[in-house]
Amino acid sequence: ENNFGTMLALFYPCFTGILSGANRADVLKDPPKHIRQGTFAAICFSFVMYVSLFILWGSVADYGFLQGTTEGIHDEVDLGRVVVANIVWNPFPYSAFIGIIIASLSQSLQCLIVAPRLLQQIARDDILGVLKPLAPLSSRGEPTRALLFTYVVAALLVLIGKLELVAPLLAMCFLVAYAFMNCSCFVLTLLKSPAWRPEWIGQRRWRVWYLFVAALGFVLCIAVMVIINPIWAAVAGFIAVCLYTFINFKMQALKWGSAVDGIRYRFAVKSLMELEARHDQCVNWRPQVLILYKINLTDELGGIKHHEILRFSAQLRKSRGFCVVACVLESDTRDAAAMKMAADQKAIIRGIMDEEGIEGFADVVVAPTWREGTNYIIQLTGIGGLIPNTVLLEWPECAAQDTQADQVKKDFMEVLQTALAANKAVLAVKGLQSIPTEIVHGTIDIWWMIHDGGFLILLSWLLSQHRIWRSCHLRVFTVAENVSEARAKGAAELLSRTLRERRLCDVDVEVILLDDALIEPYTYDWTLRVEERHRFLRELNPNAREMHLEPIPLEIDDLFNMEKHEIKSKPPSQAAESHSHNHPVFEDSQNEVNASDCRTGAEGGRRHRHGGASSSADDAPYLSASDPQPAAALAADEPDGSPASSGGVKHLLRKASSPFESIEVCQKLGQIINSRSQQAQLVVMNLPDVWGSEDKDVLNYMQYCDTLTQGLERVLFVHSTGREIFDITG
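From a predicted model like this one, the values you see are computed outputs, not experimental measurements. Residue positions within a chain follow its written sequence, with the count starting from 1. Per-residue local features are limited, in this predicted model, to residues with pLDDT of at least 70; the limit for side-chain atom pairs, both in listing and counting, is 80 or more; totals at the level of whole chains, interfaces and linings are taken over all residues. Hydrogens and waters are ignored; side-chain quantities use all the structure's heavy atoms.

Attention shifts here to the overall build of the chain. Summing up its helical and strand segments, the chain has 26 helices and 11 strands in all. Exposure categories follow from relative accessible area, calculated using a 1.4 Å probe and restricted to protein chains: below 20% of the type maximum is buried, above 50% is exposed, and the middle band is partly exposed. The buried share of the chain, reckoned over its 730 residues, is 42%. It only takes one pair of heavy atoms within 4.5 Å for two residues to be counted as in contact. In the chain, once contacts between residues fewer than 6 apart in sequence are set aside, the share between residues at least 24 apart is 79%. Accessibility throughout is a Shrake-Rupley quantity obtained with a 1.4 Å probe, and a residue counts as covered only by protein chains that appear here. Of the roughly 39,500 Å² of accessible surface on the chain, 59% is carried by carbon and sulfur atoms. Only runs of H or I of at least four residues qualify as helices and only runs of E of at least two qualify as strands under DSSP, and these elements are numbered from the N terminus.

If you want it as structure tokens, here you go:
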């Protein structure tokens, strides 16, 4: 079929010789200058020659004759011979045919000079393994094997015997090469690669010009391919994509990199810059975890694995999301040997992460002590918007005879204070050695101590999405003060219904009413934390005239504010009925909702929450685990948690000026927790605020938390920053 595409396929290979100079750059005296001059000269000369040829042919013959449809010409095989014989002037017989043969041989020899060298270079780079036998050169430095291979391929194509089949194939090969060449120029210009240095590339207008010309050249190459033959174009494109995919994979194995890596790098940098600008304005909080990991090389190399904290992180994040596993290499020197050991540890940690299926990054810091190294890690880990917002570490559990126990606790407290000062939430896991690896059944108990309610619930929900914890039911124990039992039950029903309506989880809720003294460590700096939270919410939405209620209450007062809002939003008749019952009316739910009053009575010494520093604990004795526990306090509670008598706790409240100065008060609260959650698979509990930095305060704080959770198998201590926003209103 003689159409425009066929003619274009026949003539296009004639223009492919213009890049011969670029292919022979190794023999040119001044390649940048001579390639530019020779290429443009070849383009202009070829353009004039072939355009003049078309004009001359069109001037001496009509359209039908050139197509071979003129009457009297019936032998289609000899159409070309008849046209040439009748039109071309021959000074001697068959001179035109001899000229065509010479021109064809010249082009073929030119290709035979250039193509074998290019093929030998590709084979030498070991990009395609099947071409590796063509890499060796002869004793004279000539690519003899590549030359023979090229000749065989060319001869096989010639044996096809039909020019209209060979020409489109040849044209497709050149067009694909030119399309990728233009694409490479476009990408290199876009990425501002230092390896791409055409003239005036540093000027913006010329950079735009290079981008435009390269993109236009790519589009034109694809368009010409489609015009010649759409089917052949699709096949050539498919083969080119397959080759590119394989070569790109091979280059990654060879650690060469590619232009795609440059594009990813540019997009990554741009995305990080944008994320940094909006880092503190993220509404949908998600855990970006920094894991403080302690690796034991001797055990690890001996096959003894201590991957519990990594497995727990994978369960919390389902092995997805941003994660950094950081380790401290304790060394007094920072010499080459220490750096080499740190690199080896990093490689081992990377292997452990791959083994556990954890996506993220690994890092090792060399420091004199673990405490100093973790401070470096917390401050410096991350870049742009990819900065960890959560620190995950193991709760220190030391034996009583351990001489380093106090120092370990002090190190932990300093890391805790550094993380909170850096606006990072803290997750400390107690009982890591018993973290399950198989599916468990039971409950996940959430102990909401005044603060961080929504944060605790969200973390528990994320954990319950993993297959290991999916069969566990969530229970929320909310500690409150200064409210009636009826109103507490109404708030519990409201929380249960709110979580169910948000499609977050079905939970059992129990509100436990306690004396202020029992939970004073959790009310320390109460006003300050609430004010900081509200200030942050106002910064997120400075145009809001009033503070909106959050989808999940964070503080305990938010829960009762939701209850008031629920009553106000009802019609007057229902609101009056709710007030008459002292709590709102809700539809019956299948979840268990209770309220337990564990207070000592009205005269139990209620105190208001305070926003300043508490009274000094300098004169308080250190909380020793060996202190006797009063029998009255141990027997004060019945199994349902209600008080049997008021004398025991009254005595404890009068014994110390603040509750964290008395281990008996802590044991009383711990007994309430233990009576409800001793059989739980996991207890999620918020950490109290740190009330001091002196050694005595640190040890008292750690003893308070240990006593509170004594008898529980696994505990996840949580401390939020107050900047976690959860948009689950949809």
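From this point, the discussion proceeds with the structure in view.
Orientation is described by lines fitted to C-alpha atoms, with helices fitted over the stretch in contact, and by angles between N-to-C directions that extend from 0 to 180 degrees. One can describe the packing of helix 6 (residues 95-124) onto helix 7 (residues 144-158) by two numbers: an axis separation of 8 Å at closest approach and a directional angle of 120°. Judged by the angle between their axes, helix 6 and helix 7 are oblique. Pair helix 6 / helix 7 crosses with right-handed handedness. Facing Leu112, Ala115, Pro116, Leu119 and Gln120 of helix 6, the residues of helix 7 in contact are Ala146, Leu147, Phe149, Thr150 and Tyr151. We call Asp, Glu, Lys and Arg charged. Ala, Val, Leu, Ile, Met, Phe, Trp, Tyr, Cys and Pro are nonpolar, and the rest, Gly among them, are polar. Taken together, the residues of the contact of helix 6 with helix 7 sort by class into 8 nonpolar, 2 polar and no charged. Orientation labels follow simple angle bins: below 35 degrees gives roughly parallel, above 145 gives roughly antiparallel, 65 to 115 gives roughly perpendicular, and whatever is left gives oblique. By definition, turning the near helix anticlockwise from the far helix through less than a right angle yields a left-handed crossing, and turning it clockwise yields a right-handed one.

Each reported salt bridge corresponds to a side-chain nitrogen of Lys or Arg within 4 Å of a carboxyl oxygen of Asp or Glu. Taken as a whole, this structure holds 12 salt bridges when the rule is applied. For the salt bridge of glutamate 142 with arginine 117, the shortest nitrogen-to-oxygen distance reads 3.0 Å. Of this pair, glutamate 142 sits in the loop between helix 6 and helix 7 while arginine 117 sits in helix 6, and the two are 25 residues apart along the sequence. Of the residues examined, glutamate 142 reaches a relative accessible area of 37% and is grouped as partly exposed. Members of the salt-bridge network, linked through shared partners, are Arg371, Asp411 and Glu414.

The next point concerns unusual backbone geometry. The bulk of non-glycine residues show a negative phi, and the bulk of peptide bonds are trans. The phi angle at asparagine 423 is positive, at roughly 60°, despite the residue not being glycine. For asparagine 423, the location among the structural elements is in the loop between helix 16 (405-421) and strand 5 (425-430). A residue is classified by how much of its surface remains accessible, and asparagine 423, at 44% relative accessible area, is partly exposed.

The subject of this paragraph is the packing of aromatic side chains. In this analysis, rings of Phe, Tyr and Trp, with Trp reduced to its six-membered ring, are considered paired at centre separations within 6.5 Å, and the interplanar angle assigns stacked below 30 degrees, edge-to-face beyond 60, and tilted for intermediate values. Within the structure shown, the criterion is met by 6 aromatic pairs. Seen from their ring centres, phenylalanine 180 and tyrosine 244 are 6.5 Å apart, and the 35° between their planes marks the pair as tilted. One end of the pair, phenylalanine 180, is in helix 8 (residues 163-191); the other, tyrosine 244, is in helix 10 (residues 230-253), with 64 residues separating them in the sequence. Residue classification places tyrosine 244 among the partly exposed positions, given a relative accessible area of 34%. On the numbers, 4.6 Å between centres and 15° between planes, the contact of tryptophan 447 with phenylalanine 477 is stacked. Of this pair, tryptophan 447 sits in strand 6 (residues 442-449) while phenylalanine 477 sits in strand 7 (residues 472-480), and the two are 30 residues apart along the sequence. Owing to a relative accessible area of 4%, phenylalanine 477 belongs among the buried residues under this scheme.

The next subject is the sheet that holds strand 8 (residues 507-513). For two strands to count as paired, DSSP must find a minimum of two bridges between them. In spatial order, the strands read 3-2-1-4-5-11-10-6-7-8-9; together these 11 strands make up an open sheet with mixed pairing. Among the strands making up the open sheet, the edge pair consists of strand 3 (361-367) and strand 9 (593-597). Strand-to-strand twist across the sheet, computed as the mean angle between neighbouring axes with direction ignored, equals 20°. Where strand 7 and strand 8 come together, 7 bridges link them in parallel fashion. Of the residues in strand 8, the one forming a bridge with valine 476 is valine 509. Where helix 13 (residues 308-317) meets the sheet, its contacts fall on strand 1 (289-292), strand 2 (323-330), strand 4 (390-394), strand 5 and strand 11 (715-719), and the angle it forms with strand 1 comes to roughly 165°. Along the sheet, helix 14 (residues 336-356) contacts strand 2 and strand 3; its crossing angle with strand 3, the most-contacted strand, is approximately 150°.

Counting buried positions over the 10 residues of helix 13 gives 9, a clear majority of the element. Buried within helix 13 are the following residues: Glu308, Ile309, Leu310, Phe312, Ser313, Ala314, Gln315, Leu316 and Arg317.

Turning our eyes to something else, we now look at a positive patch on the surface. Surface patches are drawn from residues lacking salt bridges whose relative accessible area is over 30%; two like charges belong together within 9 Å, two nonpolar side chains (Val, Leu, Ile, Met, Phe, Trp, Tyr) within 5 Å. Only four residue types enter the tally: Lys and Arg on the positive side, Asp and Glu on the negative side; His and the chain ends are excluded. For charged residues, the charge sits on one atom: NZ in Lys, CZ in Arg, CG in Asp, CD in Glu. Judged by side-chain charge, Lys192, Arg204, Arg266 and Lys270 come together as a positively charged surface patch. Within the fold, arginine 204 resides in helix 9 (residues 204-228).

Within the largest apolar cluster, 60 residues are counted, with the highest numbers of intra-cluster contacts made by Ile291, Tyr293 and Ile349. No other element matches the 7 residues that helix 17 (residues 453-464) contributes to this core. Within this scheme, the nonpolar core is defined by two criteria: the residues are buried Ala, Val, Leu, Ile, Met, Phe, Trp, Tyr or Cys, and they are joined through side-chain atoms within 4.5 Å. Grouped together as the second largest cluster of nonpolar side chains are 50 residues, Ala326, Trp395, Val665 and Ala680 included.

This part is about a nonpolar patch on the surface. A cluster of nonpolar side chains, Phe149, Val153, Leu157, Ile160, Leu165, Leu169, Ile231, Trp232, Val235, Phe238, Ile239 and Leu243, forms an exposed patch at the surface whose accessible area comes to about 1,000 Å². Going through the elements one at a time, helix 7, helix 8 and helix 10 are the ones with two or more residues in the nonpolar patch. Within the element layout of this structure, leucine 243 appears in helix 10. For leucine 243, a relative accessible area of 41% translates into the label partly exposed.

It is worth spelling out the confidence of the model for the chain at this point. Per-residue confidence for the chain averages 76 on the pLDDT scale, and 73% of its residues sit at or above 70. The lowest-confidence element of the chain is helix 23 (residues 631-634), averaging 34 in pLDDT; the highest-confidence one is strand 5, averaging 93. Each residue carries a pLDDT value, the predictor's own confidence for that position, ranging from 0 to 100.

What follows deals with the pairing of strand 7. In regular strands, side chains alternate between the two faces of the sheet. Among the 9 residues that make up strand 7, 7 are buried, leaving the element largely enclosed by the rest of the structure. Here 8 bridges tie strand 6 to strand 7, and the two strands are oriented parallel to one another. Note that in strand 7 the partner of threonine 443 across the bridge is histidine 473.

A few words on the environment of serine 108. Along the polypeptide, serine 108 turns up in helix 6. Overall, serine 108 belongs to the partly exposed group, its relative accessible area being 37%. Once the C-alpha coordinates of serine 108 and tyrosine 151 are considered, the two residues, 43 residues apart in sequence, prove to be 9.9 Å apart.

The subject of this paragraph is the side chain of aspartate 689. As for its position among the elements, aspartate 689 is in the loop between strand 10 (682-686) and helix 26 (695-708). Polar contact criterion, stated in full: a pair of N or O atoms within 3.5 Å, where within protein one must be able to donate a hydrogen and the other to accept it, and residues adjacent in sequence count only if both atoms are side-chain atoms. Within the structure, the side chain of aspartate 689 is placed 2.9 Å from the side chain of histidine 719, a separation counted as a polar contact.

Our focus in this paragraph is the environment of lysine 489. Structurally, lysine 489 can be placed in helix 18 (residues 485-501). Taking the relative accessible area as the measure of exposure, lysine 489 reaches 35% and is therefore partly exposed. Those residues in contact with lysine 489 that lie beyond four places of it in its chain are Val593 and Ala595.

The next thing to look at is the pairing of strand 1. Burial along strand 1 is two-sided: Val289 and Ile291 and Leu290 and Leu292, pointing in opposite directions, are all buried. With 4 bridges connecting them, strand 1 and strand 2 associate as parallel partners. When the bridges of strand 2 are listed, valine 289 appears paired with cysteine 323. Bridge count for strand 1 against strand 4 is 3 bridges, and the pairing is parallel. Its bridge partner lying in strand 4, isoleucine 291 is registered against leucine 392.

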